[in-house]
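Residues per chain, in single letters:
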Amino acid sequence: MSTAALLLPSANRRPNAVGIFLTEIRFEVLRSLRTRVYSLSAIGFPVMFYCLFGLLMNRDVTVGNGVLLAKYLLGGYSVFGSLGAAIFGIGVGVALDRSAGWLELKRASPMPTLAYVSSKCAMAVVFSLIIVCVLTALGIAFGHVHLTFHEFISIAGLAVAGSIPFSCLGLAMAFLIPPNAAGGVANLVYLPMSFLSGLWVPLRFLPKFLQNIAPAFPTYHLAQLMYASLGAPSWGTVLTHVIGLLSFTALMAGITYVAFRRAEQNS
Amino acid sequence: MHEILEASEVVPQPSQPAKDAVATLTNITKRYANGVVALDGLSLSLHPGEIVALLGPNGAGKSTAVKLMMGLSSPTSGTARIFGLDPRNTAARLRTGVMLQIGRAPEMLRVREHLMIFRGYYANPMPYADIIKAAGLEGIEERFFGELSGGQKQRVLFGIALAGDPDLIFLDEPTVGLDIEARRLMWAEIRALAARGKTVLLTTHYLEEADALAHRIIVINNGKVVCEGTPNEVKSRGTSGAAGSTGAVRIIRCVTTLTANHLLAIPSVSHVEVNGNFVTITSEQAEATLREMLALDQSLHSLEVQRPALEDAFLALTSNN
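Residues numbered from 1 in each chain as written. Chains lettered and ligands numbered in written order. Predicted model: local features only at pLDDT ≥ 70, side-chain atom pairs only at ≥ 80, totals over all residues. Heavy atoms only, no water.

Caption draft 1: How the structure looks around the state of the cysteines. Residues and elements named next belong to chain A. Counting across every chain of the model gives zero disulfides over all chains. In this structure Cys-51 is a free cysteine whose sulfur lies 15 Å from that of Cys-133, the closest cysteine sulfur available. Looking at Cys-51, the relative accessible area reads 21%, which means it is partly exposed. (Disulfide = S-S within 2.5 Å. Buried < 20%, exposed > 50% of the residue type's maximum accessible area, 1.4 Å probe, protein only.)

In structure tokens:
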């Protein structure tokens, strides 16, 4: 890349695209971690819920297959954390960048638009990983949770993969919702979606009709994959969950693309 | 009206051929989805080394025109070109710097980091130390953007626009929130850029700024170019009415017992405005007008005669047009 760039006349020389992506990602992650209102609540909420329902209450309760509730909820709250990081970090963050004109300034620069999008997704991935690690450490230290290395890698990998559909949801929200309503709508998506996907209360305790609509949510599919990899009882097959997640991602990416085009044409 | 004003007589030095233009908008019409026509057959061009001020009342189409040149928007019809390329082309963007009015930039990044990110977009960015000096950012490089005052934020955004050492720079209201000293500093910097052959397009609400800085002013209203020329040409153009006569227009202010109708009857008076005790008279032959006024009203006092300000011209050009 760099040798090819050197051969071109200076006026047409472009900087290393990989470098731009990496710089963008690095500073987006740094910026989010420094923004305490965001970083503390994105990490704090799942940690607080997990401590409350997994570690303080329901001690030594098992959910089936001899799996402790504290271990089972590790999966649910990791999904909850990933969703929150994406919805608030991307859904609200990009909406604010749009309304403030910052996104326009970025787009008017030679930065590839994809670098901006990847930096936001990378930020969501990093927060997901932090949340999984913190929850796992708490579970092992205070909840008698036993986790094989393979199980940990599985749930961490799922959290990373799950950040992609959630990021696409965040992007779609950022381009559909008026920026001043973004915070409110984010909560309206975040909390009901988490509840209806059985992240707080296992689905089998919910009414039948709610159980039936759960598969509409990406959080349901990701949580079932998490439960399965933790050896806990889960519903559905890996294939249906993967298909569910992929279709949701495609749908949200499509909505984002259309909304972005429409906003562009009307600017 | 449009054609008359576009004629070359308004611009005395023949404008350079279109192929030399750094940026052009040719016969642009922009209609939004809600039916609003923001630009209506607008054409303009920017040439190397010139500072052009784009003036117009709110809603005149200024920001739409600038957005088209930045490649943030596409025209309904007509063509926009930057260095002969589509403005959305990365090669065009690599030679362009942009300063927009930003409500909020990422606050938890340091000034140094913001500049580093934007410098990274270009293969040949402006040296870091040069940006700091040009934008007056010494001493605040390690501060978070969110901690800066309004004026300091504005200077950081100016620094961002310079990051790529661009040949064409768009400055949208660059000196909003700056104190007088910082404003003069930025003006000096903008002049220095033009002296190095860079082209600068600025929009501003401070007509004094356009007057002091611009080589050429383009006044737009209702999506059309109303007037185009040097600050002096625009001033005489705007205050000499439709006659298009000489540039000797003067503004006379005084306290007089003469009524507006009396004053308008005096030859060469083109406009009269009464503000309390004071009247403001626009005349193309101030000496003759004054002789007559003094003869008619012995009590006339508090007399002031001024060259027309850009503001007068601007208001005249953009009202009821």
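Caption draft 2: Looking closely at helix α10 (residues 218-229) of chain A. All names here are of chain A. Between its first and last C-alpha atoms α10 spans 17 Å; for twelve residues at 1.5 Å apiece the expected length is 16 Å, and the two agree. Taken across its twelve residues, α10 has ten buried, putting it largely inside the fold. Considered for burial, the residues of α10 that qualify are Pro-218, Thr-219, Tyr-220, His-221, Leu-222, Ala-223, Gln-224, Leu-225, Met-226 and Tyr-227. Buried residues in α10 make contact with α4 (69-100), α7 (149-176), α8 (182-196) and α11 (238-265). In the segment just after α10, Gly-231 is the residue with positive phi, at about 80 degrees. (Helix = DSSP H or I, 4+ residues; strand = E, 2+ residues; numbered from the N terminus. Expected span 1.5 Å × (residues − 1). Contact = heavy atoms within 4.5 Å.)

Caption draft 3: Highlighting the sheet that holds strand β7 (residues 199-203) of chain B. Residue and element names in this part refer to chain B. Taken in spatial order, the six strands line up as β5-β6-β7-β3-β8-β9 in an open sheet, and their pairing is mixed. Both outer strands of the open sheet, β5 (96-99) and β9 (224-229), are each paired with one neighbouring strand and no more. Neighbour to neighbour, the strand axes of the sheet diverge by 15 degrees on average, direction disregarded. Pairing of strand β8 (residues 216-221) with β9 involves five bridges; the strand directions are antiparallel. Bridge assignment links Ile-217 to a residue of β9, and that residue is Gly-229. Packed onto the sheet, helix α2 (residues 62-70) meets β3 (51-55), β5, β6 (168-172), β7 and β8 and runs at close to 135 degrees relative to β3. (Pairing = 2+ DSSP bridges. Axes fitted to C-alpha atoms, helices over the stretch in contact; angles between N-to-C directions.)

Caption draft 4: Examining the sheet that holds strand β4 (residues 77-82) of chain B more closely. All names here are of chain B. On the basis of which strands lie adjacent, the open sheet formed by three strands has the order β2-β1-β4 and antiparallel pairing. Looking at the sheet topology across the chains shown, the edges are occupied by β2 (37-46) and β4. Across the sheet, the mean angle from the axis of one strand to that of its neighbour is 20 degrees, orientation sign disregarded. Here strand β1 (residues 23-31) runs beside β2; their pairing, made up of seven bridges, is antiparallel. Looking at the pairing, Arg-31 lines up with Val-37 of β2. This element, α2, spans β1, β2 and β4 of the sheet and lies at about 60 degrees to β2.

Caption draft 5: Quick peek at the pattern of salt bridges. Residue and element names in this part refer to chain A. A full pass over the atoms with the stated rule returns 22 salt bridges over all chains. A salt bridge links Lys-106 to Glu-24, with the nearest nitrogen and oxygen atoms 2.6 Å apart. One end of the pair, Lys-106, is in helix α5 (residues 102-108); the other, Glu-24, is in helix α2 (residues 17-34), and 82 residues separate them in sequence. Neither residue differs from the other here; Lys-106 and Glu-24 are each classed as buried. Across the pair Arg-261 and Glu-264 runs a salt bridge, and its minimum N-O distance is 3.8 Å. (Salt bridge = Lys/Arg side-chain N within 4 Å of Asp/Glu carboxyl O.)

Caption draft 6: Just the interface of chain B and chain A, in detail. Facing 36 residues of chain B, the contacting portion of chain A comprises 31 residues. When the buried area of chain B at its contact with chain A is split by residue, B:Leu72, B:Arg104 and B:Tyr121 rank highest and sum to 21% of it. There are three salt bridges connecting chain B and chain A. Between A:Arg34 and B:Glu113 there is a salt bridge, with its nearest N and O atoms 2.9 Å apart. Where chain B packs against chain A, one counts eight residue pairs in polar contact (both at pLDDT 80 or more). Of all elements in the fold, only α2, α3 (90-93), α4 (111-119) and α6 (150-162) of chain B reach the threshold of two or more residues within the side of chain B that touches chain A. In terms of residue count, the dominant contributor to the side of chain B that touches chain A is α4(B) (five residues). A breakdown of the residues in the side of chain B that touches chain A according to their chemical character gives 22 nonpolar, eight polar and six charged. (Buried area = accessible area lost by both parts, 1.4 Å probe. Polar contact = N/O pair within 3.5 Å; in protein donor to acceptor, adjacent residues only side chain to side chain. Nonpolar A, V, L, I, M, F, W, Y, C, P; charged D, E, K, R; others polar.)

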